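# Report on the structure
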Amino acid sequence: MEAEPVIAAEPAVEDSKQEVEKAVPEDDGKPVESAPKKSDEFAYLDAAGFSSERFKIEIKNLPKYYGINEMKKLLNVKLSLATNKIKIMRPGCPFLFVCFRDDTERQAAIKAIDGYTWKGKKLQALEAKPSPDPLVKRRNESTKPDGVVSVKKRRTLEESVTALAYLSYEDQLKQKQSEMHNVLKGFGDEVWKSCPTMRSYVEEMRKLNDGLPCKLEEIRGSPQVDGYRNKCEFSIGKDGQGEVRVGFRVGSYSNGFLEVESPDKLKHISEKMKSTVKLFEEFVQKSEYEVYSPETYKGYFRQLTVRTSNATGQVMVVIGIHPQELEEEKLSELRSSLVSWFTSEKAKEIGISSIYFQTIEKFKSGQYAHPTTHLWGETHIIEEIHGLKFRVSPQAFFQINTPSAEILYQTAIDLAGTTKQTSILDICCGTGTIGLCFAKHCKQVLGVEIVAEAIADATHNAKENGIENCKFYTGNADDLITSLVRNANVQKDEDLVAIVDPPRAGLHIRSITQLRNARGLNRLIYVSCSPQSAVKNWADLMRPRSKVMRGGPFMPKRAIPVDLFPHTPHAELIVLFEREPEQDEEEEAEQKKDETEKVEEKAEGKVEGGDKAAEVVAEEKV
């Protein structure tokens, strides 16, 4: 879980300055000031060019449990609709909004969805009005009678990004330990409500573990408390005085703030990264091009991503630009000037070794990442964990606190209890860091990751470190877990362990189902950067057998927090799940046969006993 600024395409608005109109003179001849003129909250529909908000529908009466991927599959695959945007309000919400590219597509969607039965619910679909611009709406609500916008900043940048920095590190760890206790308590409550057959187990575990469904161990602290982040995405904008700044946005678009402030005072940002930010800020301030405004959709400079290496001191910069209508000649000149700037003497002192150019526009259909172009220097940076070297690409996932990641991975290795007869499934493997750290402790590692660039890094990292028992596959874990289990080819005297390290939202139910149904998989390590979001996954792992989840439930045994994010409220939580080894088909068939024979013998005994009793009664009567 990372405290990154959110860069989103937000609606354009009119001039935010409020004007005071004079009313027509009344009988006394004195002019009277009316209420200030409010900006049009829907002006963005015309100012920003195309907006799918014009062609929006509302879908009502949704089932209690569904995910965004399930909804996409329903709309785009089963119903063959062409959605432009799906807006889920919150998990479990009985309604959502879907936008389309034109009215023809919208009407076709209403016709297909209205009355359609999904997960036992008959859906309702109807036209929906466009949403008002949240920034303009907030400003209109906050306007004083004198026409001045009165929106106050509730927190400083330090309070927003590093909320626990005012505490000693010891107290930070205590607070996080308490939070993990609350999360696991909530997990127990969720299982109690949703899995009635598990209540006796939950109660038994609560008696043993201070009211929790499993044992919670002491949090592992970070070896490095200050300046630990090896990656940050910085916003580019203007501060309250109108000065160009590269840093983090204070507040959000929806609460009326666009100001960006410098990260100079933030404890978790390294001096090397702060120097890189300051260097780029100077470039933007001198440039002829304006910074991008999410309010007007105008401007060019949007984002700066900085990655650093603890092992080598390398610094990678990725400059995010909205090209607007710039011709290729102008873009080429801009790229050249960026290379000249970031190869200066100042840049060499910082250690900048790699420069990328990124185009940030609205995503097109099927696009999941903004394209990057390598401009200069190394194509990757090199990081080290557990004595292994890892190549990291601009967009690949890598834990942002390297020293603490070593503790995280060692904790997972210890929990897994692997031997040379163990096969590891590395789900959401990223650049292969966890799997490669496991390699020397097990027979083989099979990893899957949806980002092709990360899989290329993982494969390279395995080769670079001379590791031959790891294979990595590009694809969606939701579809490939069963294939990985098959490829593992686990024999009778071997075991299979899954390591799951998903994004914040957790795993899709299809992945959970495949893990539950994986024959021979009796131990699972779930690494969560957002434990609150993982509770549903954990509850699904514990559900009793069903037609869909044929494999036995996984039971939580131990939970260990690891702090990767000092000065923030966040921490990782590793949970060990175990289930009894499943019987093979022959044993299961033999057991069923034995049970059948016992039932038949019992039935025969009852019949024989009944006949003898009748004979005795007959003799007595005679």
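Worth saying up front: this structure is predicted, and the values here are computed from it rather than measured. (Residues numbered from 1 in each chain as written. Predicted model: local features only at pLDDT ≥ 70, side-chain atom pairs only at ≥ 80, totals over all residues. Heavy atoms only, no water.)

Check the secondary structure of the protein chain and you find 17 helices and 23 strands. Within the span of the protein chain, comprising 622 residues, buried residues form 48% of the whole. The long-range fraction of contacts in the protein chain, counting pairs at least 24 apart against all pairs at least 6 apart in sequence, stands at 69%. Carbon and sulfur atoms make up 50% of the accessible area of the protein chain, which amounts to about 31000 Å² in all. (Helix = DSSP H or I, 4+ residues; strand = E, 2+ residues; numbered from the N terminus. Buried < 20%, exposed > 50% of the residue type's maximum accessible area, 1.4 Å probe, protein only. Contact = heavy atoms within 4.5 Å. Areas by Shrake-Rupley, 256 points an atom, 1.4 Å probe, with all protein chains shown as cover.)

Attention now goes to helix 14 (residues 477-488). Across its twelve residues, helix 14 extends 15 Å between first and last C-alpha, which sits within 8% of the 16 Å expected from 1.5 Å per residue. Burial in helix 14 covers these residues: Ala477, Asp478, Ile481, Leu484, Val485 and Ala488. An end-on view of helix 14 places all buried positions within 100° of arc, on one side of the element. Next to the buried residues of helix 14 lie helix 2 (68-78), strand 17 (422-427), strand 18 (444-449), strand 19 (470-474), strand 20 (495-500) and helix 15 (509-516). One side-chain oxygen of the residue at the start of helix 14 lies 3.0 Å from the amide nitrogen of Asp478, identifying that residue as Asn476. Looking one or two residues beyond helix 14, the residue adopting positive phi is Asn489, at roughly 50°. (Expected span 1.5 Å × (residues − 1). Arc of directions from axis to C-beta. Polar contact = N/O pair within 3.5 Å; in protein donor to acceptor, adjacent residues only side chain to side chain.)

Now for the pairing of strand 22 (residues 555-562). Burial analysis of strand 22 places six of its eight residues in the buried class, the great majority of the element. Pairing of strand 22 with strand 23 (residues 572-578) involves seven bridges; the strand directions are antiparallel. Directly across from Ile560, in strand 23, lies its bridge partner Ile574. (Pairing = 2+ DSSP bridges.)

Let us look at a negative patch on the surface. On the surface, a cluster of negative charge is contributed by Glu288, Glu327, Glu329 and Glu333. Note that Glu327 resides in the loop between strand 12 (315-321) and helix 9 (328-341). Given the relative accessible area of 58%, Glu327 is considered exposed. (Patch = residues over 30% accessible without salt bridge, like charges linked within 9 Å, V, L, I, M, F, W, Y side chains within 5 Å. Salt bridge = Lys/Arg side-chain N within 4 Å of Asp/Glu carboxyl O. Lys, Arg positive; Asp, Glu negative; His and termini not counted. Charge placed at Lys NZ, Arg CZ, Asp CG, Glu CD.)

Taken as a whole and judged by the stated rule, the model has two cavities of 30 Å³ or more. Estimated volume of the largest cavity: approximately 50 Å³. Those elements that place two or more of their residues in the lining of the largest cavity are strand 11 (301-308) and strand 15 (381-385). Its residues placed into classes, the lining of the largest cavity shows three nonpolar, two polar and two charged. The volume enclosed by the second largest cavity comes to roughly 30 Å³. Lining the second largest cavity are Pro502, Pro503, Arg504, Gly506, Tyr526, Val527, Ser528, Cys529, Ser530, Ser533 and Ala534. Every element with two or more residues in the lining of the second largest cavity is listed here: strand 21 (521-528) and helix 16 (531-542). No other element matches strand 21, which puts three residues into the lining of the second largest cavity. (1 Å grid on protein atoms, 1.4 Å probe; cavity = no way out; pocket = protein on both sides within 12 Å on 5 of 7 lines; lining within 4 Å. Points joined across faces, edges and corners; volume = space filled by probe spheres on them. Nonpolar A, V, L, I, M, F, W, Y, C, P; charged D, E, K, R; others polar.)

On to the environment of Arg510. One can find Arg510 in helix 15. When the C-alpha atoms of Arg510 and Asp478 are compared, they prove to be 5.4 Å apart, with 32 residues separating the residues in sequence. In this structure the side chain of Arg510 is engaged in a polar contact, spanning 3.2 Å, whose partner is the side chain of Asp479.

With that settled, consider the side chain of Glu58. One can find Glu58 in strand 1 (residues 56-60). We note that Glu58 is buried and unpaired, the nearest opposite charge coming from Lys60 at a distance of 4.5 Å. Setting aside anything within four residues of it in sequence, one finds Glu58 in contact with Phe95, Leu96, Phe97, Gln124, Ala125, Leu126 and Ala128.

Once that is clear, we can look at the pattern of salt bridges. Applying the stated criterion across every chain yields a total of 30 salt bridges. Note that Lys231 is salt-bridged to Glu233, the shortest N-O span being 3.5 Å. Look at Lys231 and you get buried, because its relative accessible area is 14%. Beyond isolated ion pairs, a larger network of salt bridges with shared partners links Asp239, Arg245, Asp264, Lys278 and Glu281.

Relative to each other, helix 6 (residues 169-194) and helix 7 (residues 199-208) sit at 155°, their axes nearing to 9 Å. Taken together, the axis directions place helix 6 and helix 7 in an arrangement best described as roughly antiparallel. As for how helix 6 packs across helix 7, the hand of that crossing is left-handed. Touching Gly188, Asp189, Val191, Trp192 and Lys193 of helix 6 are Arg199, Val202, Glu203 and Arg206, all from helix 7. When grouped by side-chain class, the residues that make up the contact of helix 6 with helix 7 number three nonpolar, one polar and five charged. (Axes fitted to C-alpha atoms, helices over the stretch in contact; angles between N-to-C directions. Parallel < 35°, antiparallel > 145°, perpendicular 65-115°, else oblique. Left-handed = near helix turned anticlockwise from the far one by under 90°.)

Attention now moves to the packing of helix 8 (residues 271-286) against helix 9. Two numbers describe how helix 8 lies on helix 9: the axes approach to 11 Å, and their chain directions differ by 140°. Considering their axes alone, helix 8 and helix 9 lie oblique with respect to each other. Relative to helix 9, helix 8 is oriented so that their crossing is right-handed. Each of Leu279, Phe280, Glu282, Phe283 and Lys286 in helix 8 lies in contact with helix 9, whose residues at this interface are Leu334, Ser337, Leu338 and Trp341. Looking at the contact of helix 8 with helix 9, its residues break down into six nonpolar, one polar and two charged.

In this model, Tyr297 sits at a positive phi of 65°, which is unusual for a non-glycine residue. Its place among the elements puts Tyr297 in the loop between helix 8 and strand 11.

This paragraph deals with the nonpolar core. Among the nonpolar cores identified, the biggest contains 46 residues, and Leu184, Ile427, Leu524, Trp538 and Phe577 are the most heavily contacted of them. When residues of this core are assigned to their parent elements, the largest contribution, six residues, is made by helix 16. Those residues in contact with Ile427 that sit more than four places away from it in its chain are Val448, Ala477, Ile481, Leu484, Ile499, Val500, Asp501 and Leu507. (Core = buried A, V, L, I, M, F, W, Y, C linked by side-chain atoms within 4.5 Å.)

It is worth spelling out the UniProt feature "binding site: S-adenosyl-L-methionine" (unreviewed entry) in the protein chain at this point. On the UniProt side, "binding site: S-adenosyl-L-methionine" (unreviewed entry) is annotated at positions that read Gln399, Glu449 and Asp501 here. Take Glu449: it is sitting in strand 18. The residues contacting Glu449, other than those within four sequence positions of it, are Cys428, Cys429, Gly430, Ala454, Ile455, Tyr473, Thr474 and Gly475. Here Val451 takes part through its backbone nitrogen, which lies 3.4 Å from a polar atom of the side chain of Glu449. (UniProt positions renumbered as here; feature names shortened; annotations may be inferred.)

A word on the sheet that holds strand 23. Taken in spatial order, the eight strands make up an open sheet running 7-22-23-21-20-17-18-19, and their pairing is mixed. Of all the strands in the sheet, the pair left with one neighbour each is strand 7 (215-216) and strand 19. Docked against the sheet, helix 11 (residues 402-416) engages strand 20, strand 21, strand 22 and strand 23, running at close to 160° with respect to strand 22. Together, strand 17, strand 18, strand 19 and strand 20 form the strand contacts of helix 14, whose direction differs from that of strand 18 by roughly 165°.

For Pro323, the location among the structural elements is in the loop between strand 12 and helix 9. Taking relative accessible area as the criterion, Pro323 reaches 12% and is therefore assigned buried. Aside from chain neighbours lying at most four places away, what touches Pro323 is Tyr300, Leu331, Thr359 and Glu361.

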